[in-house]
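Report on the structure
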Amino acid sequence: MDLRFLPEDMNWICQPCGVPLEPGMVELHYVGNVFRVELPVCPQCRQVLIDEELALGKMLEVEKLLEDK
Amino acid sequence: MDQKELHALEALCIQEEPPGCQAGCPLGVNARAFVQAVGKDDLAGGRAILEKSMPLAGIVARMCEAPCEQYCKRETLGGAIAIGRLERMCIEAVPSKAKFLKLPPKSKKVAVIGAGPSSLALANDLAKKGHPIHVYHTESGPGGWLRNLTDTVLKLEVIDQELKRLESFGVKFHPVKVLDYALCTEEYDAVYIGQDDELAADLLAMIGPADGETCALDQKGWFTGGLQAEGDPYRFIMAVSQGREAAISIDRFLQGASLTASRVKPRNGKTDLFVQTKDLSELKRIEPADQAGYTREEAVEEALRCIDCQCLECVRNCVYLAEYKSYPKVYARRIYNNSAIVKGVHQANTFINSCSLCRQCEVICPNDFSMADLCLQARQQMVVEERMPPSAHWFGLEEMKSAQGESRLLSHAQDQQDSAALFYPGCQLAGIRHLQTVKLYNELCAIEPKTGIWLDCCGAPAYWSGRQEDFEIMVEGFRNDWQSMGKPRLILACSTCLKLFRDNLPEIESVSVWKLLAEQQLVKKNIGKNALALSDPCTSRDDVETQGAVRSILQQLEQPLAPLEMSGKLTECCGYGGLMAGTDPALGRKVVEARVKQTESVMLTYCAMCRDRLALTGKPVLHLLDLLYPETALEAATPAESISARRVNRRRLKQIMAERCGKDELPQRYDWENIELVISQALEIVMEERHILEDDVRRVLHDYKQSGRHIAHGSENRKLASSRIGAATFWVEFYEEGDTFHLLRCWSHRMSIHQPDTGGR
Ligand code: SF4
Ligand code: SF4
Ligand code: SF4
Ligand SMILES: [Zn+2]
């Protein structure tokens, strides 16, 4: 399953790298499950941004679903 | 739990037993639903309910003598509901909308000799099943004695309407001069002899005694009914009922099936349904202005007297049980099914994890049904099978870990080499009222100087969340700790700790601090004289001794009490028990909201957690310590302590107590503790809801200060930093002002982030 979770505001700079975050693929792991997700990532150090809306919305929903599986 | 245990459990909950009226109806009509429909002026709905169980509803609803009324629960409270009259009114007021279904025709033929009520009922039931029916009647026409009634009782056209319906099912009517033996010819596979019609002497002579259950006669394939004498008060309806029983027998006989196997016996009014009537007042039966029958308005008024007999005793009192809109019999199956799922979503997990395990239902239920045992066992099974959702009890378990770790202290009193007693305040009192805990300890030392201190958590979160193995290891540790202190007696302030110690470590002499104080000469304090509503903690439910001690303290203080019905043995949970509020915060909230509404008075309790949970609603609530020690008292309106403050308070208490006992075991200082935060009130509330501690935020910001790693907004003065702490990643949005961090937002997630090929963080 490939998902895209890019916040409306993509104007974020990774520090100390000093470069803007870009859409990039990362893996999210939970209770033995793995998802590939497109998120804002620093192209240099791979630091990832998980937005509040994502964390408390879709991500929480999936967490609960996986827990009850 | 296996199938057998499930059935035993289901049998305990008698909510599905019929109400008296239905049990007392020879046809099993759902009179409760019928009367309720009439009460809502839904006469079409009412008629449909009657037609579901009544053969020839047009006749039966007018003629039934209503033996059900003898079993009506209203009987002693103003008189039984006039079910018979209501049925007549309903059937006369609205036409039938029912579509009668008929099964495909069968080949075996049935002769029905006589056409009284029992025969017509039998013909109706068998014809619907597809059996060819031949009814023999005298020349006056089918109906027997029903045809001789006055118009006010039963009009001929009503009878004829029902006969027409029977004909439409394929019932053949044959007029004959006499109803005699000659009619019972070989061509019939079964014969019914309706004795509620004028039978010839030769036929009567052939009828021996009939079997009471099956209506079978000695002659193979012969059945009979309609045996009531003319003066019998239930002559009509019992005849119909016998016709129906005989129809069941004939249908079975024609299929070659057993007449008796798993046959449902008429209940004759017997039911195990429990109906609470103690709060009901008398309501007089409505007498119709015209003796012929009720008007529609009168009928509705009469129907509204119906109690709507149900048990639901536990559900009425438990917000959790009511929330899921059913009752324990159904819940037991739901939980059983949830455990049985191998692949797919376990829909009932949250349900199972939300019960507060308070055991009020056990006390209330006439059969002691225990939802707490059911839910706790299901949780234990989930843990063993490694399918307990990790987030369900997470925060409660974190609290426990912290109280058993960084905030733990076990020490003899200052300058003492041993302890006669150990004071065990419990983690919640320690976190919520740490200064009062010190005060209480001082008082105990004044009574017994050799009173040591034991700051810890009793392991309730592990127990409640079904982590039985972990809990047992903790209990083992407690035993060792206690032995290492020379096996002193334990003085506990928290009902939950007390219960868990007594249940799991019976070798320890455990006593409530309130019991100890009640035995002292208490000085009457100048406290308010307004009556307080005393809410016992749910874990004190069976602890009569502690409950009594608290009341004795209040008596000594001359503190009057306001009545609170659900207290003592019936008391209610504050929504924290069983980690309910951790699993379902909104439900936990509803529980306290409902609780505080039970009294207008200021509330009083002797559990710190109860006090703060109840206070969440804005209700003024006091803790017993506020009455005992006015010098350290808090106002009843004091808001609940935040989760962040509780952590800090526990560490402070440990520090104070360690110093006080001369123990150089000061709590660990963390590098992050001094980070200065500015948090708006609105954000504080959000953090509380999301279970994010100031400690967590400080740790994230400390990591940021150390590494410099963060994400800065491209045009605004705000930064994001995050750290993985335990099972969650915490995110903080902030801006800096000198050394101070102004928090803007914070959130967390449990999923961990990994790079597609390399390792994660
Ligand atoms: S009290 Fe509750 S569990 Fe007990 S019989 Fe009634 S509905 Fe069932
Ligand atoms: S009160 Fe209503 S539900 Fe109860 S027995 Fe009487 S008619 Fe039936
Ligand atoms: S919350 Fe209490 S009363 Fe309600 S089901 Fe659970 S143990 Fe029973
Ligand atoms: Zn970077």
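From a predicted model like this one, the values you see are computed outputs, not experimental measurements.

1. Considering the overall build of chain B
- Scanning chain B from terminus to terminus reveals 32 helices and 20 strands.
- Relative to the 2.2 N^0.38 estimate, which gives 27 Å for 761 residues, the radius of gyration of chain B is 36 Å and therefore markedly larger than a compact globule would have.
- Taking the principal axes of its C-alpha atoms as reference, chain B extends roughly 115 × 70 × 50 Å.
- Taking all 761 residues of chain B together, 57% fall into the buried category.
- Taking as baseline every contact in chain B between residues at least 6 positions apart, the subset at least 24 positions apart corresponds to 70%.
- Summed over its atoms, the accessible surface of chain B is roughly 33200 Å², and 50% of this surface lies on carbon and sulfur atoms.
- Here chain B contributes 91 positively and 103 negatively charged side chains, and the mean placements of these two sets differ by 2 Å.

2. Quick look at the site of ligand 3
Residues and elements named next belong to chain B.
- Neighbouring ligand 3 are the residues Cys 318, Tyr 320, Leu 321, Cys 355, Ser 356, Leu 357, Cys 358, Arg 359, Gln 360, Cys 361, Met 371 and Ala 372.
- Elements with a contribution of two residues or more to the shell around ligand 3: α13 (319-323), α16 (360-364) and α17 (371-384).
- Residue composition of the shell around ligand 3, grouped by class: 9 nonpolar, 2 polar and 1 charged.

3. A word on the packing of helix α14 (residues 328-340) of chain B against α17(B)
Residues and elements named next belong to chain B.
- Running from amino to carboxyl end, α14 crosses α17 at an angle of 5°, the nearest separation of the two axes being 11 Å. With respect to each other, α14 and α17 are oriented roughly parallel. Only Met 371, Leu 374, Cys 375, Ala 378 and Gln 381 of α17 make contact with α14, whose side of the interface consists of Pro 328, Tyr 331, Ala 332, Ile 335 and Ser 339.
- Of the residues contributing to the contact of α14 with α17, the split by class is 8 nonpolar, 2 polar and no charged.

4. Here's the deal with the packing of aromatic side chains
Residues and elements named next belong to chain B.
- The full count for this structure, using the stated rule, is 23 aromatic pairs over all chains.
- Where Tyr 424 meets Phe 501, the ring centres are 5.1 Å apart and the plane angle is 70°; that geometry is what we call edge-to-face. Placement of the pair is Tyr 424 in strand β7 (residues 421-424) and Phe 501 in helix α23 (residues 495-504), with a sequence separation of 77 residues. Comparing Tyr 424 with Phe 501, the two get one shared label, buried.
- Measuring from centroid to centroid gives 5.2 Å for Tyr 463 and Phe 471, while their planes differ by 45°, and the two rings are tilted.
- Ring pairing ties together the aromatic residues Tyr 320, Tyr 324, Tyr 331 and Phe 351, which thus form one cluster.
- Lying over the aromatic face of Trp 145, Arg 235 brings its terminal NZ or CZ to 4.0 Å of the ring centre.

5. As for the coordination of the zinc ion (ligand 4)
Residues and elements named next belong to chain A.
- Around the zinc ion (ligand 4), the protein contributes the donor atoms Cys 14 (SG), Cys 17 (SG), Cys 42 (SG) and Cys 45 (SG), at 2.2 to 2.3 Å from the metal centre.
- Classification of the site at the zinc ion (ligand 4) rests on its 4 donor atoms, whose angles at the metal span 102 to 117°, yielding the label tetrahedral.
- Its relative accessible area of 0% is what places Cys 42 among the buried residues.

Thresholds, definitions, all that
- Residues numbered from 1 in each chain as written.
- Chains lettered and ligands numbered in written order.
- Predicted model: local features only at pLDDT ≥ 70, side-chain atom pairs only at ≥ 80, totals over all residues.
- Heavy atoms only, no water.
- Helix = DSSP H or I, 4+ residues; strand = E, 2+ residues; numbered from the N terminus.
- Rg over C-alpha atoms; globule rule 2.2 N^0.38 Å.
- Buried < 20%, exposed > 50% of the residue type's maximum accessible area, 1.4 Å probe, protein only.
- Contact = heavy atoms within 4.5 Å.
- Areas by Shrake-Rupley, 256 points an atom, 1.4 Å probe, with all protein chains shown as cover.
- Lys, Arg positive; Asp, Glu negative; His and termini not counted.
- Charge placed at Lys NZ, Arg CZ, Asp CG, Glu CD.
- Near = heavy atom within 4 Å.
- Nonpolar A, V, L, I, M, F, W, Y, C, P; charged D, E, K, R; others polar.
- Axes fitted to C-alpha atoms, helices over the stretch in contact; angles between N-to-C directions.
- Parallel < 35°, antiparallel > 145°, perpendicular 65-115°, else oblique.
- Phe/Tyr/Trp six-rings, centres within 6.5 Å; stacked < 30°, edge-to-face > 60°.
- Lys NZ or Arg CZ within 6 Å of the ring centre and 35° of its normal.
- Donors = N, O, S within 2.8 Å, 3.2 Å for Na, K, Ca; no water.
- Tetrahedral: all angles 85-135°; square planar, octahedral: opposite > 155°, others 65-115°.

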